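What follows is each chain in one-letter form.
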Amino acid sequence: MLCCHARSVSRVARLASLLWLTSLGGCVRNDAPPNIVVILADDLGYSDIGAYGGEIHTPNLDSLAYGGVRFRQFYNAGRCCPTRAALLTGRYPHAVGMGRMVSALNSSPESGPYQGYLSEQAETLAEMLRTAGYKTYMSGKWHVGEKPEHWPRQRGFDRYFGLISGASSYFEIIRDQPRVRQMALDDEPWMPPDSGFYMTDAFTDWAVAYLKGHQVGSPFFLYLAYTAPHWPLHALPEDIAKYADRYDAGWDVLRDERYARQLALGLIDSSWVLSPRPPNLPAWDDEPDQANWARRMAVYAAMVDRMDQGIGRVVDILRSMNALDNTLIVFLSDNGGCAESVDGRNLHDPTTRVGDRGSYQAYGEAWANASNTPLRLYKQWVHEGGIATPFIVHWPHGIAGPGRITDSPGHVIDLMATIGDLAGANMETMDGQSLVPVLSDASAAIPDRTLYWEHIGNRAIRRGDWKLVSDRRTGEWELFNLATDPTELHDLATRHPDMVHRLAEAWQTWADSIGVHER
C-alpha cells in the first residue's frame, strides 16, 4: 500500500541528492557513485557500543559514528530472518516470504508470506547494484534461504563466503544439531578446519580478501553480516581477558552506568526515562551465581570487541585503497538484545567454561535488559527494545555535519531506497524511502511517516510520534506517545480510544495487504 508513495519519494530524493552532489564541486562527481559497505551485527542491543552508551571497547565503530551520523530512532524488523529480508529488498518481510523464520533445508513450504525463504520475485540490493555496474560481495550470515537455489550467488552476489544458516558455534559446525547448519564458499558447501577457526575472524578475513581483490574501475558493494554477538557465547581468550572483572558489579549497576553515559553523550534526554528492571528478574545483589553470570557478560563483550576489531580491519583496507572517503558505510543490528535461553538445546558441555569451544550458552534476560538500556523488552517483540538498533552512517564525501545525531526515524526497509538513490540504480517496488535528504542536509528531517511490524503475533504501527503496540502474550493494544515517552512506560490507550481505533484499523489494512496472519 506504500509502494507508489515510496517510488515518488524516491524520485524526489534522487533528484535532490544529484543536485546536492553537483553542488559539492570536485568533492564528489556524478560519475563516481559511492562504494557501499553494509555491516550487520546479530542480536546487538541498543546500548552495547560506545557511541550508544556502552562500556565495551568499540573504537572503530565509535570513530565511524563520530565522523558520520547516528540515528536515535532507527528500526529493524525485530528478529534475524525478517530483518535480513527487509534489508536485502526494501520490502516488509511478509511481502518477500519472510514473515517468520527460515524454512528447514528438507522442508517444502507453501509459497507466500511465511514460506521461509526470500521470494524470487523480489529484487535484492545486490541484484539492483549489479545492474548499476557494481561488483557485489558478501561475507557472513545469510539466513534467508537454506536450499542452494536460494543462496547468495543466486541473488546477485558475485562472491560469497559464510554461514547459510542461523546460530552456530563460532569454532566449528556441530553436525548433530536438531537443524542442519551449512556454510558455503560461492556455490559450494564449505566446512571450517578442525582447529584455528573463529567465525567472526573468518567473516572479516573474507571481506578483506574481497576488497583486496577488487579491480579498480567499478564501484563495489560489500554486505558483511556478522553472527556476533548472537549466542552461543564464544570468544577468544585474549578478548575475554579484557573484561575479566568488568561485570562483577552486575546488571543493575551496568544499566545505570550506560544510562548516565547516554545522557552525557546527548544520545538521549531526560524524556527517555530508564525503564525499570522487569519484576521477574532478580536484583544483582540477590543473584546467587554472580561469578557465572559475570563471566557470561564478559564473553558477550569480548564477542562485540572482536567484531569491532574486524570492522577496523575493513576500514583500514578501504583507507589503503584510497576508497574510504567515497564509501558509504552503514552499521546496524538485526534486532535488540536477546533474552532467549538455549539450555533446552542440550549442546552445552558442562565440563567446559563459558566462552570456550564445547560450551553453548546465552547471556540471559537480565543482561539483555542491560543491552537494551533504556528500553523495554527484547528480540522477537516489537516494543522499542526489540526493534530499536544503533544506526551509523559514515561517508566523508557525502555527509553534511558529521558527528551529529538525528531524530528522524528510519527503518531497515529504507536502505534499498537510500543506496539505490546514491548508486543511480533503477529501483523496483519497495516500501522504504530514501534517507539521502537527512544525510546531505543537517537541518533536514524525514516527514511524519507510518511504519508497521508483525512477528509471531507481536504487532505495532508507528505514525508520527504515536505508536500502537501489542504483545502476543496478552493481545491487547498499548498506545504510547514517543515524543514524550520514548521508553514506552505510560500506556495512553484508555485516554485516546479514537487514536487506538484509527491506528489499529491502519495496521489491519496493511496486514491484510501483505498477507499477515498471527502465528
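Here's what I pulled together on the structure shown here. The residue numbers shown here count from 1 along each chain, following its written sequence. The model is predicted, so local features are restricted to residues of pLDDT at least 70 and side-chain atom pairs to those at 80 or more, both for listing and for counting; the totals for chains, interfaces and linings are taken over all residues. Side-chain measures here rest on the full set of heavy atoms in the structure, leaving out hydrogens and waters.

**So, the overall build of the chain**
Okay, step 1: Scanning the chain from terminus to terminus reveals 13 helices and 16 strands.
Okay, step 2: Computed over the C-alpha atoms, the radius of gyration of the chain is 22 Å, within 12% of the 24 Å expected from 2.2 N^0.38 for a compact globule of 519 residues.
Okay, step 3: Projecting the C-alpha coordinates of the chain onto the three principal axes gives extents of approximately 60 × 60 × 50 Å.
Okay, step 4: Burial status follows relative accessibility: with a 1.4 Å probe on protein chains alone, a residue under 20% of its type maximum counts as buried, one over 50% as exposed, and anything between as partly exposed. Residue burial in the chain is summarised as follows: out of 519 residues, 63% are buried.
Okay, step 5: A separation threshold of at least 6 residues defines the contact pool for the chain, and within that pool the share at least 24 residues apart is 73%. Each helix is a run of H or I in the DSSP string that is no shorter than four residues. Each strand is a run of E no shorter than two, and both are numbered from the N terminus. Our radius of gyration is a C-alpha quantity, and the globule rule it is checked against amounts to 2.2 Å times the number of residues to the power 0.38. Note on contacts: a residue pair qualifies if any of its non-hydrogen atoms lie within 4.5 Å across the two residues.

**Things to note about the sheet that holds strand β11 (residues 404-406)**
In a beta sheet, neighbouring strands are held together by backbone hydrogen bonds and run either parallel or antiparallel to one another.
Okay, step 1: Taking strand neighbours across the sheet as the criterion, the 10 strands line up as β7-β6-β5-β4-β8-β1-β9-β10-β2-β11 in an open arrangement whose pairing is mixed. Only two strands of the sheet have a single neighbouring strand rather than two, namely β7 (188-189) and β11.
Okay, step 2: Alignment of strand β6 (residues 183-185) against β7, held across two bridges, turns out to be antiparallel. Bridging from a neighbouring strand, L185 pairs with E188 of β7.
Okay, step 3: Contacting β1 (35-41), β8 (220-225) and β9 (327-333), helix α8 (residues 290-320) runs over the sheet at an angle of about 170° to β9.
Okay, step 4: Where helices are involved, their axes are fitted lines through C-alpha atoms of the stretch in contact, as for all axes, and angles between N-to-C directions lie from 0 to 180°. Contacts from helix α11 (residues 414-423) reach β1, β9 and β10 (391-394), with the element oriented near 175° to β9. Only strands that DSSP links by at least two bridges are regarded as paired with each other.

**Description of the pattern of salt bridges**
Okay, step 1: Definition used for salt bridges: Asp or Glu carboxyl oxygen within 4 Å of a side-chain nitrogen of Lys or Arg. Enumeration over the complete set of coordinates arrives at 28 salt bridges.
Okay, step 2: The residue D42 makes a salt bridge to R84 at a minimum N-O spacing of 3.3 Å. Of this pair, D42 sits in the loop between β1 and α2 (59-66) while R84 sits in helix α3 (residues 80-89); the two residues are 42 residues apart in sequence, bridging distant segments of the chain.
Okay, step 3: Put simply, E488 and K467 hold a salt bridge, and the shortest N to O gap is 2.9 Å. With a gap of 21 residues between them, E488 in the loop between β16 (477-481) and α13 (497-514) and K467 in strand β15 (residues 466-470) connect regions that are remote in the sequence. Each member of the pair, E488 as well as K467, carries the same accessibility label: buried.

**Here's the deal with the packing of helix α7 (residues 251-265) against helix α9 (residues 364-371)**
Okay, step 1: Between α7 and α9, whose axes approach to 9 Å, the crossing angle comes to 10°. As far as their axial angle goes, α9 and α7 are roughly parallel. Listed contacts from α9 to W251, L254, R255 and R258 of α7 are A366, W367, N369, A370 and S371. Here the angle decides the label: under 35 degrees means roughly parallel, over 145 means roughly antiparallel, 65 to 115 means roughly perpendicular, and every other value means oblique.

**Here's the deal with α7**
The α-helix winds at 3.6 residues per turn, so residues separated by three or four positions along the chain end up facing the same way.
Okay, step 1: The terminal C-alpha atoms of α7, which comprises 15 residues, lie 21 Å apart, in line with the 21 Å expected from a rise of 1.5 Å per residue.
Okay, step 2: Of the residues making up α7, those classed as buried are W251, L254, R255, R258, Y259 and Q262. One side of α7 holds all its buried residues, which, seen down the axis, span an arc of 130°.
Okay, step 3: If you follow the buried residues of α7, they end up packed against α8 and α9.
Okay, step 4: Just beyond α7, the residue with positive phi is G266, at close to 80°. By definition here, a helix of n residues has an expected span of 1.5 Å times n minus one. Read the arc as the range of directions from the helix axis to the C-beta atoms.

**Regarding the pairing of β10**
Okay, step 1: Along β10, one buried face is formed by F391 and V393 and the opposite face, lined by I392 and H394, is buried too.
Okay, step 2: Two elements, strand β2 (residues 69-71) and β10, share three bridges in a ladder whose sense is antiparallel. Residue pairing for β10: V69 is matched across the bridge by V393.
Okay, step 3: Bridge count between β9 and β10: three bridges; the pairing is antiparallel. Bridge pairing links I329 to H394 in β10.

**Considering the side chain of K141**
Okay, step 1: With respect to the helices and strands, the residue K141 is situated in the loop between β4 (135-140) and β5 (159-163).
Okay, step 2: A residue is classified by how much of its surface remains accessible, and K141, at 1% relative accessible area, is buried.
Okay, step 3: In this structure the side chain of K141 is engaged in a polar contact, spanning 2.6 Å, whose partner is the side chain of D42.
Okay, step 4: The residues contacting K141, other than those within four sequence positions of it, are D42, C80, R84, L163, S165, G166, A167, F203, A225, T227 and H230. Within 3.5 Å is the distance limit for a polar contact, defined as a pair of N or O atoms, with the added protein rule that one can donate a hydrogen and the other accept it, and that residues adjacent in sequence qualify only through two side-chain atoms.

**Some details on the packing of helix α5 (residues 199-213) against α8**
Okay, step 1: Close contact between α5 and α8 brings their axes to 9 Å; oriented N to C, the two are set at 5°. By the angle class used here, α5 and α8 are roughly parallel. For the pair α5 and α8, the contacting residues are T200, D201, T204, D205, A207, V208, L211 and K212 in the first and R306, M307, G310, R313, V314, I317 and L318 in the second.

**Points about the nonpolar core**
Okay, step 1: Within this scheme, the nonpolar core is defined by two criteria: the residues are buried Ala, Val, Leu, Ile, Met, Phe, Trp, Tyr or Cys, and they are joined through side-chain atoms within 4.5 Å. Counting residues in each nonpolar core, the largest one holds 83 residues, and the members touching the most others are L87, F221, Y223 and L332.
Okay, step 2: Looking at this core element by element, the count peaks at nine residues for α13.
Okay, step 3: Excluding anything up to four places from it in sequence, F221 contacts I36, V38, L125, A126, L129, Y134, K135, T136, Y137 and F157.
Okay, step 4: One finds L44, A235, L254 and Y363 within the second-largest nonpolar core, a separate group that totals 77 residues.

**Looking at the pairing of strand β14 (residues 458-463)**
Okay, step 1: Of all the six residues making up β14, five are buried; the element is thus mostly covered by neighbouring parts of the structure.
Okay, step 2: For strand β13 (residues 450-455) and β14, the ladder comprises six bridges, and the chain directions are antiparallel. Each residue of the ladder has a partner; that of Y452, found in β14, is I461.
Okay, step 3: Between β13 and β14, which follow one another and run antiparallel, lie two residues, and I456 among them has a positive phi close to 40°.
Okay, step 4: Pairing of β14 with β15, which is carried by five bridges, proceeds in the antiparallel orientation. Each bridged residue has a counterpart across the sheet, and for A460 the counterpart in β15 is V469.

**A word on unusual backbone geometry**
Okay, step 1: Following W231, the chain continues to P232 via a peptide bond in cis, the omega torsion being 5°.
Okay, step 2: Here P232 is to be found in the loop between β8 and α6 (237-241).
Okay, step 3: A cis geometry characterises the amide bond from T373 onward to P374, with omega recorded as 5°.
Okay, step 4: Structurally, the position occupied by P374 is in the loop between α9 and α10 (384-387).
Okay, step 5: Even without being glycine, H143 reaches a positive phi, approximately 65°.
Okay, step 6: Mapping H143 onto the fold places it in the loop between β4 and β5.
Okay, step 7: For H143, a relative accessible area of 6% corresponds to the buried category.
Okay, step 8: Here the phi dihedral of Q380 falls at roughly 90°; this positive angle occurs in a residue that is not glycine.
Okay, step 9: The topology assignment puts Q380 in the loop between α9 and α10.

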